[in-house]
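Structural overview for review
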Amino acid sequence: MKEFKMSPKPMWNSLGDIPMGSSCPSFHITDINAGWRVFKPVVDLEKCIGCYRCYFVCPDGAIHMSDDKKADVDYSFCKGCGICAHECKPKAISMIKEEK
Amino acid sequence: MSTNTKLNARKLDSTENFYGHKACGGCGESLALRLALKVLGDEAYLSLPAGCMAAVSFIYPNMAFKNNAIITPFASTAAVTTGIAAGLEALGKKKPLSVGFAGDGGTADIGIQSLSGAIDRGEKFIYICTDNEAYMNTGIQKSGLTPFGAATTTTPSGKVIHGNINEKKNMFEIVAAHGIEYAATASVGYLEDFINKVQKAKDCAGPSYIHVYSPCPTGWGHGSEITVDLGKEVVDTGLWYLAEFEKGEFSLNLKPKDFKPVKDHLMRQNRFRHINDEEIKMIETTRDAKWAKMLKNWNI
Ligand SMILES: Cc1ncc(C[n+]2csc(CCOP(=O)(O)OP(=O)(O)O)c2C)c(N)n1
Ligand code: SF4
Ligand code: SF4
Ligand code: SF4
Ligand SMILES: [Mg+2]
């Protein structure tokens, strides 16, 4: 499960607004990755047996197991790579074309 | 002989310490890094040289790590990692944990002397090499860990020469030859085995090294959905193996009963599409010779 709140994108109107130095706070996330997707994983909760496989194999950590042990996708950060669907044995995840 | 299975997906910490990174969809290295950090925890200090994992995590003003993390000069991953370990000890940290994550180029070519020196000093640190078999972040150039036959931008496939003419360096055994406390090979196709090896490295008193095979859809030319699949298949074909070096002894964690067909495996990756049957024979011969040696000399 992700533990951060999105940080606001800094408004850069003048030089003084740009943070100085080469370091920044831990988990300082200003951009989401949702726009990367061509296909999106959709979980059929009836078919999901809560095996944790998709959560385990997602390179982006974009799936977490909900309290009732079902796969829950964070669509802000899922890139639509399809690994979760490919690895799900009961075939509970389908990759559906995103509509633009 | 068995793969390590104490830790599993359910027992892992559910919090993510690596999130919102900009790696390509289906990136094997980012999966290895994400899961390693679940085992290592957010108190580990991370050192990463130039390479994809640094490039996709520190995109100003984004910072994809919850952990403290630093980009090191390319050749110095292990030097910086042990330097941080010394600093943490000087600060009186109870369980100082300093971990280096570098690619194959950053490990087997450019950072090899600083890694060798750090292992030699015997301090506690963990070094994880995420091996995608080329310099990916600069556009797929051959490294010392690119396998025979693979096409890269510096070893293209032409009429006469079909991709890389060299064999992959044996980084695992180079590291083991130092008499390191713990070393292991792993693959993102066998993730339980991998996370348990990370746990072993964490529990080690001295230096430890894990070499994890990490498919790269962009550089290898394969579908982003088959990264884990390929990582499993490469072990099942015998072209990669799961092994450990502990207390001066090598052991194999897994021996496939029959090897899966090499050709089918290679043809799923664009970087090997040009390979002919004779070259596949050569790859199989090299594999069989390696396995004969391992089965003869290593614990099973
Ligand atoms: C001293 C130095 N030489 C070269 C580079 C350019 N460079 C940056 S990343 C990179 C490739 C890294 O390849 P690898 O270590 O395999 O990691 P990957 O990107 O594949 O994860 C190179 C050559 C650099 N940053 N510093
Ligand atoms: S892999 Fe499939 S069955 Fe298992 S938790 Fe995920 S969606 Fe459910
Ligand atoms: S499609 Fe890829 S990024 Fe999205 S949830 Fe599945 S594995 Fe994760
Ligand atoms: S080029 Fe390869 S290693 Fe680099 S981020 Fe993309 S998939 Fe990962
Ligand atoms: Mg590489």
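Refer to the structure presented above.
Presented here is a report on the structure given in the accompanying data block. None of the values given here were measured: they were computed from a predicted structure. (Residues numbered from 1 in each chain as written. Chains lettered and ligands numbered in written order. Predicted model: local features only at pLDDT ≥ 70, side-chain atom pairs only at ≥ 80, totals over all residues. Heavy atoms only, no water.)

To continue, consider the interface of chain A and chain B. Across the boundary between the two partners, chain A contributes 40 residues, which contact 40 residues of chain B. Interface area for chain A against chain B, summed over the two sides, is near 3300 Å², with a carbon-plus-sulfur share of 56%. A per-residue breakdown of the area chain A buries against chain B is headed by Phe27(A), Tyr55(A) and Phe56(A), which together make up 22% of the total. Between chain A and chain B we count 1 salt bridge in total. Here chain A and chain B share 24 residue pairs in polar contact (both at pLDDT 80 or more) between them. At the level of elements, α1 (53-57) and α2 (83-87) of chain A are the ones that each hand at least two residues to the side of chain A that touches chain B. If you tally residues by element for the side of chain A that touches chain B, the top one is α1(A), at 4 residues. Per-class residue counts for the side of chain A that touches chain B are 23 nonpolar, 9 polar and 8 charged. (Contact = heavy atoms within 4.5 Å. Buried area = accessible area lost by both parts, 1.4 Å probe. Salt bridge = Lys/Arg side-chain N within 4 Å of Asp/Glu carboxyl O. Polar contact = N/O pair within 3.5 Å; in protein donor to acceptor, adjacent residues only side chain to side chain. Helix = DSSP H or I, 4+ residues; strand = E, 2+ residues; numbered from the N terminus. Nonpolar A, V, L, I, M, F, W, Y, C, P; charged D, E, K, R; others polar.)

All names here are of chain B. Running from amino to carboxyl end, helix α1 (residues 28-40) crosses helix α7 (residues 191-203) at an angle of 45°, the nearest separation of the two axes being 9 Å. In terms of orientation, α1 lies oblique with respect to α7. Crossing of α1 over α7 shows right-handed handedness. Where α1 approaches α7, its residues Leu31, Ala32, Leu35, Ala36, Val39 and Leu40 are matched on the opposing element by Leu191, Phe194, Ile195, Val198, Gln199 and Lys202. Residues of the contact of α1 with α7, tallied by class, amount to 10 nonpolar, 1 polar and 1 charged. (Axes fitted to C-alpha atoms, helices over the stretch in contact; angles between N-to-C directions. Parallel < 35°, antiparallel > 145°, perpendicular 65-115°, else oblique. Left-handed = near helix turned anticlockwise from the far one by under 90°.)

On to the packing of aromatic side chains, then. The tally for this structure, following the rule as stated, stands at 17 aromatic pairs over all chains. Relative to Phe77(A), the ring of Phe4(A) has its centre 6.0 Å away and its plane inclined at 80°; by these criteria the two rings are edge-to-face. Of this pair, Phe4(A) sits in the segment before β1 (39-43) while Phe77(A) sits in the loop between β3 (71-73) and α2, placing them 73 residues apart in sequence. Exposure remark for Phe4(A): the relative accessible area of 12% places this residue in the buried category. Look at Tyr127(B) and Tyr209(B): their rings are 5.8 Å apart centre to centre, the planes differ by 20°, and that puts the pair in the stacked class. Placement of Tyr127(B) in strand β4 (residues 126-131) and of Tyr209(B) in strand β6 (residues 208-213) is noted, with a sequence separation of 82 residues between them. The pair formed by Tyr127(B) and Tyr209(B) is uniform in burial state, with each residue classed as buried. Among the aromatic side chains, those forming a connected cluster through ring pairs are Phe172(B), Tyr213(B), Trp220(B), Trp240(B), Tyr241(B), Phe245(B), Phe250(B) and Trp298(B). The positively charged end of Lys79(A) is found above the aromatic ring belonging to Trp36(A), 4.7 Å away from the centroid. (Phe/Tyr/Trp six-rings, centres within 6.5 Å; stacked < 30°, edge-to-face > 60°. Buried < 20%, exposed > 50% of the residue type's maximum accessible area, 1.4 Å probe, protein only. Lys NZ or Arg CZ within 6 Å of the ring centre and 35° of its normal.)

In this section: the coordination of the magnesium ion (ligand 5). All names here are of chain B. The magnesium ion (ligand 5) binds to the protein through Asp104 (OD), Asn132 (OD1) and Ala134 (O); the donor distances cover 2.0 to 2.1 Å. Mapped onto the polypeptide sequence, the residues donating to the magnesium ion (ligand 5) form the spacing pattern D-x27-N-x1-A. Of the two residues, Asp104 is situated in helix α4 (residues 104-109) and Ala134 in the loop between β4 and α6 (171-176); the sequence distance between them amounts to 30 residues. Across this residue pair, the class does not change: Asp104 and Ala134 are buried. (Donors = N, O, S within 2.8 Å, 3.2 Å for Na, K, Ca; no water.)

So, about the site of ligand 4. Lining the immediate surroundings of ligand 4 are Ala23(B), Cys24(B), Cys27(B), Cys52(B), Asn132(B), Cys216(B), Pro217(B) and Thr218(B). Classifying every residue of the shell around ligand 4 by side-chain character gives 6 nonpolar, 2 polar and no charged. (Near = heavy atom within 4 Å.)

Residue and element names in this part refer to chain A. For the structure on display, the rule yields 3 cavities of 30 Å³ or more. Cys58, Cys78, Gly80, Cys81 and Cys84 are the residues nearest the centre of the largest cavity, which is lined by 14 residues in total. One number sums up the size of the second largest cavity: a volume of about 80 Å³. Lining the second largest cavity are Val43, Cys48, Ile49, Gly50, Cys51, Tyr52, Cys54, Met65, Ala71, Cys88, Ala92 and Ile93. (1 Å grid on protein atoms, 1.4 Å probe; cavity = no way out; pocket = protein on both sides within 12 Å on 5 of 7 lines; lining within 4 Å. Points joined across faces, edges and corners; volume = space filled by probe spheres on them.)

What follows deals with the layout of surface pockets. Approximately 600 Å³ is the volume attributed to the largest pocket. Along the walls of the largest pocket sit 27 residues, with Pro147(B), Glu167(B), Lys168(B), Leu239(B) and Thr286(B) positioned nearest its centre. When residues of the lining of the largest pocket are traced back to their parent elements, those giving at least two are α6, β6, α10 (262-267) and α11 (277-297) of chain B. Among the elements that line the lining of the largest pocket, the one with the most residues is α11(B), at 6 residues. Tallied by class, residues from the lining of the largest pocket come to 14 nonpolar, 6 polar and 7 charged. The volume enclosed by the second largest pocket comes to roughly 500 Å³. Taken together, 20 residues form the lining of the second largest pocket, with Arg53(A), Glu87(A), Lys89(A), Gly189(B) and Lys232(B) sitting closest to its centre.

Just distances and angles here, no functional claims.
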